[in-house]
Amino acid sequence: MMTIKAFQLVAAVERELLMRDKDRFNIECVECCGKNLYVGTNDCFIYHFLLEEKIAPCGTATFTATKQLHRHLGSKKPVNELRAASALNRLLVLCDNFITLVDMRDLEPVPTGARIKGAVTFALNENPVSGDPFCVEVCIISVKRRTIQMFLVYEDRVQIVKEVSTPEQPFAVAVDGHFLCLALTTQYIILNYNTGVSQDLFPYCSEEKRPIVKRIGRQEFLLAGPGGLGMFATVAGISQRAPVHWSENVIGAAVCFPYVIALDDEFITVHSMLDQQQKQTLPFKEGHILQDFEGRVIVATSKGVYILVPLPLEKQIQDLLASRRVEEALVLAKGARRNIPKEKFQVMYRRILQQAGFIQFAQLQFLEAKELFRSGQLDVRELISLYPFLLPTSSSFTRSHPPLHEYADLNQLTQGDQEKMTKCKRFLMSYLNEVRSTEVANGYKEDIDTALLKLYAEADHESLLDLLVTENFCLLTDSAAWLEKHKKYFALGLLYHYNNQDAAALQLWVNIVNGDIHDATRSDLYDYVVDFLTYCLDQELVWKYADWVLQKSEEVGVQVFTKRSLDEQQKNSFNPNDIISCLKKYPKALVKYLEHLVIDRRLQKEEFHTHLALLYLDEVLQQRAGADGKGAEVTETQAKLRSLLQKSDLYRVHFLIDKIQGAGLHMERAILHGKLEEHEKALHILVHELKDFSAAEDYCLWRSEGRDGPYRQRLFHALLAIYLPAGPSDHDLVVAAVDLLNHHAPEFDAAQVLQLLPDTWSVQLLCPFLTGAMRDSTHTMRMTQVALGLAKSENLLYKYDKMKLKGSSIRLSDKKLCQMCQNPFGEPVFVRYPNGGLVHTHCAASRHTNPNSPSPGSRT
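Residues numbered from 1 in each chain as written. Predicted model: local features only at pLDDT ≥ 70, side-chain atom pairs only at ≥ 80, totals over all residues. Heavy atoms only, no water.

Draft legend 1. Up close: the overall build of the protein. Looking only at helices and strands, the protein features 31 helices and 30 strands. The C-alpha atoms of the protein give 55 Å as radius of gyration, which overshoots the globular expectation for 860 residues (29 Å, by more than 25%). Overall, the C-alpha framework of the protein stretches about 160 × 100 × 70 Å when taken along its three principal axes. Looking at the protein as a whole, 47% of its 860 residues qualify as buried. Of all intrachain contacts in the protein linking residues separated by at least 6 positions in sequence, the fraction that spans at least 24 positions is 47%. The protein carries 96 positive and 105 negative side-chain charges, and their two centres are separated by 7 Å. (Helix = DSSP H or I, 4+ residues; strand = E, 2+ residues; numbered from the N terminus. Rg over C-alpha atoms; globule rule 2.2 N^0.38 Å. Buried < 20%, exposed > 50% of the residue type's maximum accessible area, 1.4 Å probe, protein only. Contact = heavy atoms within 4.5 Å. Lys, Arg positive; Asp, Glu negative; His and termini not counted. Charge placed at Lys NZ, Arg CZ, Asp CG, Glu CD.)

Pasting the structure below:
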């Protein structure tokens, strides 16, 4: 049996205050309402006392009872029961089967004489259903056999509401809402007096033992069951709590949460509702009354009244925590909320939660511990300090005093068990990660993040990198030493970078890539270094490692320069000429960089365009020299060269033509002649040397793009002129000429073409060309006619306007002002606008020479 001292028995009313020299005087019942204590006796007296509670310095409570008055009820029968209705200022007194209403202050019966007749016992409904605050609901066991009656009791009258029959004679009753819990002759039942539905609970024998029915909370009752059990039952007829095992001879029972208090002939016993164990036993002979009044438990013998005072809750709670009874301690602490000042309670309760959290933590109940630490607002350094070496050496933290637990460190707590230690470390990782971004971390984020980094590094946890690449407060000195100890060099580089020590970070990563130190965290560390340098703003650092990244891979390393942010490139933080000088040793990288300047950034500088063209050309020539046929790589390079030659107008054309001479690059030579407007040479190369007629047509389209019609016509006529001198044996040129005419008819002057064509060509052969030419000629004629008609119409409108203006008179005087300069006219010479406005001739002239001058009209 796990015992605890929960209550102390204190005398409330001294024997001498009641006995009045009467040996036959006995206490029959008591009622307590606030400081008012009422006692009913066997000789029909009611006593009224005022209770004063005093707390001694040692924490114990004492009570002083001051007698106010007593009143005889005018009968020789005992006062069986007392119930206070404080809302009505009335005391309900059961005596001689009558329930009388008396005033709580002077104990006088109400003037109306209102009372309830024929009551054996009664109970108040503490969960009333009427909704009227100025009445109480009373349930009585009637003297009529097997009858229960419900009344509404007002300040000066009573009203019967319901009468219900029971299957057996009732002996005790408790009420909650519409539900009655009844002790009948052989069993307990729950009865809904509104619907008449009843629910059997369990049997008992009323002849062998005294029934107990107590309402202990909303829709819940405590009953004296068979076998010395205190049974709990809800209005649904079920039990949501395990029973407590008390004496077979229980006289009375009460609940002072979380305790059930029972009274028998010799003892008061205290049981826990949490684990059903007996916690305390108090000797108390001749007791026959045990009741609770709003949390105050009163016991009485026939001669005296006593109060069961709970001992200081903090002491009870600490005793429970010392016994590892965490749940009991927390429930008891929550129940203490209304008995302790708010601020004091909050401080106490937080500490209790923290203590309970460490108890659960020591038992490896991590979920429960985490919730307790959170609720208790634990300074997380209390937890970190259990783990050796996790707190930074610079931390000023000292543990709470008095201590929250009994452990020196994790080794003592786990007794060296490595599995338990690993579990504890995993829990701390999770907990620190959750709290580091909350208010819990305020004021000591450095301690938390440094401890978290150490745990991650030791456990080789993937979250280590996430911690270092996001905002963190890891202390550099402690963290760096720890990462180096655990060979986390890549992570150490991230730590250096976060602390603005990029040079140290890069040197570490370069050493890893070179194999000088081992760290397999990232297999793509070289690419990572390139990206890092790409976004690095320290030019000196970039130049320092530029050769290193280029030596590893020219194509990847050049990204240090080509992938820099557009803003940085526009500011010319890195001079392109300096970069080109650096890249001379790395031809592939140089080509990539020049492509970036010319194609991506579109820099309009001749030297870059010429340089890139030369590099393409050199590569093409090398590939042609080393290959019998044209491989895919050669074709790709040639495509880049041709595209550059076509799209760029900035390279040195003559220089490139000289370089190409004799290299067999006919297409490239044709493009260069085209840039020099040497179209006949270009087309001659395409037609006679390459024999690529489609390329010749594409050339004409390319060079005439964006030019006027006559220019385009000259190009196509030049190509046709190259095709036409062909003799009968040059069948391909004839076909090419016919295709050119038929596919591009709008580009030719039909009359001129017809003069050039051989007489032997048939009309059918040139049908598409002739059809297109006729259609184009007709369209041109018709459009010219339309334009002529529109011009004539406009001219007619102007003539009409002129005649209208000439037909109207204009009055001019020296008072008339010019609408532009606002000066009067000095001579009868003026200009009139269509809106009727008159201006000086020189003002009108200045308007035409200065468009911004004010205008009185749109036309003159």
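Draft legend 2. How the structure looks around empty space enclosed by the protein. Scanning all chains against the criterion turns up 2 cavities of 30 Å³ or more. The space that makes up the second largest cavity amounts to roughly 50 Å³. (1 Å grid on protein atoms, 1.4 Å probe; cavity = no way out; pocket = protein on both sides within 12 Å on 5 of 7 lines; lining within 4 Å. Points joined across faces, edges and corners; volume = space filled by probe spheres on them.)

Draft legend 3. Seen up close, the side chain of Ser-75. Topologically, Ser-75 is positioned in the loop between strand E5 (61-72) and strand E6 (79-85). A polar contact of 3.1 Å, which involves the side chain of Ser-75, links it to the backbone nitrogen of Lys-77. Contacts of Ser-75, omitting those with residues within four sequence positions, involve Asp-43, Cys-44 and Cys-95. (Polar contact = N/O pair within 3.5 Å; in protein donor to acceptor, adjacent residues only side chain to side chain.)

Draft legend 4. Quick look at helix H5 (residues 366-375). Within H5, the full set of buried residues consists of Phe-366, Ala-369, Lys-370, Leu-372 and Phe-373. End-on, the buried residues of H5 take up no more than an arc of 165 degrees, which puts them together on one face. A positive phi of about 50 degrees marks Gln-377, the residue just after H5. (Arc of directions from axis to C-beta.)

Draft legend 5. Focus on the pattern of salt bridges. Counted under the stated rule, the structure contains 35 salt bridges. With a closest N to O distance of 3.8 Å, Glu-419 and Lys-423 form a salt bridge. Placement of the pair is Glu-419 and Lys-423 together in helix H8 (residues 418-435), with a separation of 4 residues, close to one helical turn. The exposed category is assigned to Glu-419, whose relative accessible area is 55%. Between Lys-588 and Glu-555 there is a salt bridge, and its shortest N-O distance comes to 3.8 Å. Taken together, the positions of Lys-588 in helix H20 (residues 587-600) and Glu-555 in helix H16 (residues 554-557) put the pair 33 residues apart, joining distant regions of the chain. For Glu-555, a relative accessible area of 36% gives the class partly exposed. One continuous salt-bridge network, built from bridges that share partners, spans Arg-90, Asp-103, Arg-105 and Glu-155. (Salt bridge = Lys/Arg side-chain N within 4 Å of Asp/Glu carboxyl O.)

Draft legend 6. Inspection of the nonpolar core at higher detail. Phe-361, Leu-383, Trp-509 and Leu-583 are the most contacted members of the largest nonpolar core, which has 139 residues in total. Those residues in contact with Phe-361 that lie beyond four places of it in its chain are Phe-366, Ala-369, Phe-373, Leu-383, Leu-386, Tyr-387, Leu-410, Leu-413, Cys-424 and Phe-427. Counting residues in each nonpolar core, the second largest holds 35 residues, with Leu-320, Ala-333, Ile-352 and Leu-353 among its members. (Core = buried A, V, L, I, M, F, W, Y, C linked by side-chain atoms within 4.5 Å.)

Draft legend 7. Molecular detail of the sheet that holds strand E4 (residues 45-55). Read from one edge to the other, the open sheet built from 4 strands follows the order E2-E3-E4-E5, with strand pairing classed as antiparallel. Single-partner strands in this sheet number two, and they are strand E2 (27-33) and E5. Between one strand and the next, the sheet's axes are offset by a mean angle of 25 degrees, whatever the strand orientation. For strand E3 (residues 36-41) and E4, the ladder comprises 5 bridges, and the chain directions are antiparallel. Across the sheet, the residue bridging to Tyr-38 is His-48, located in E4. (Pairing = 2+ DSSP bridges. Axes fitted to C-alpha atoms, helices over the stretch in contact; angles between N-to-C directions.)

Draft legend 8. Representation of the packing of H20 against helix H21 (residues 606-626) within the structure. Axis separation between H20 and H21 bottoms out at 9 Å; the angle between their running directions is 140 degrees. Viewed along their axes, H20 and H21 adopt a mutual orientation that is oblique. The two elements H20 and H21 meet at a crossing, and its hand is left-handed. Contacts between H20 and H21 pair Leu-590, Val-591, Leu-594, Glu-595, Leu-597, Val-598 and Ile-599 from the former with Phe-608, His-609, His-611, Leu-612, Leu-615 and Tyr-616 from the latter. (Parallel < 35°, antiparallel > 145°, perpendicular 65-115°, else oblique. Left-handed = near helix turned anticlockwise from the far one by under 90°.)

Draft legend 9. Just the sheet that holds strand E15 (residues 179-183), in detail. Ordered in space as E14-E15-E16-E17, the 4 strands form an open sheet in which the pairing is antiparallel. Two strands close off the open sheet at either side, each with one partner strand: strand E14 (172-176) and strand E17 (198-203). Adjacent strand axes in the sheet meet at a mean angle of 15 degrees when their direction is disregarded. Pairing analysis gives 5 bridges linking strand E16 (residues 187-192) to E17, with the strands arranged antiparallel. Looking across to E17, one finds that Tyr-188 is bridged to Phe-202.

Draft legend 10. Molecular detail of the pairing of strand E12 (residues 147-153). The element E12 is extensively covered by neighbouring structure, given that 7 of its 7 residues are classed as buried. On E12, burial covers both faces: Thr-147, Gln-149, Phe-151 and Val-153 on one face and Ile-148, Met-150 and Leu-152 on the other are all buried. As judged from the 6 bridges shared by strand E11 (residues 136-142) and E12, these two strands associate in the antiparallel manner. Within E12, the residue paired with Cys-139 across the bridge is Met-150. Once E11 ends, the chain turns through 4 residues before running back antiparallel as E12, passing Arg-146 with a positive phi of about 50 degrees. As paired strands, E12 and strand E13 (residues 158-165) are joined by 7 bridges and run antiparallel to one another. Across the sheet, residue Thr-147 finds its bridge partner in E13, namely Ser-165. Where E12 folds back on E13, the antiparallel hairpin that results is connected by 4 residues.

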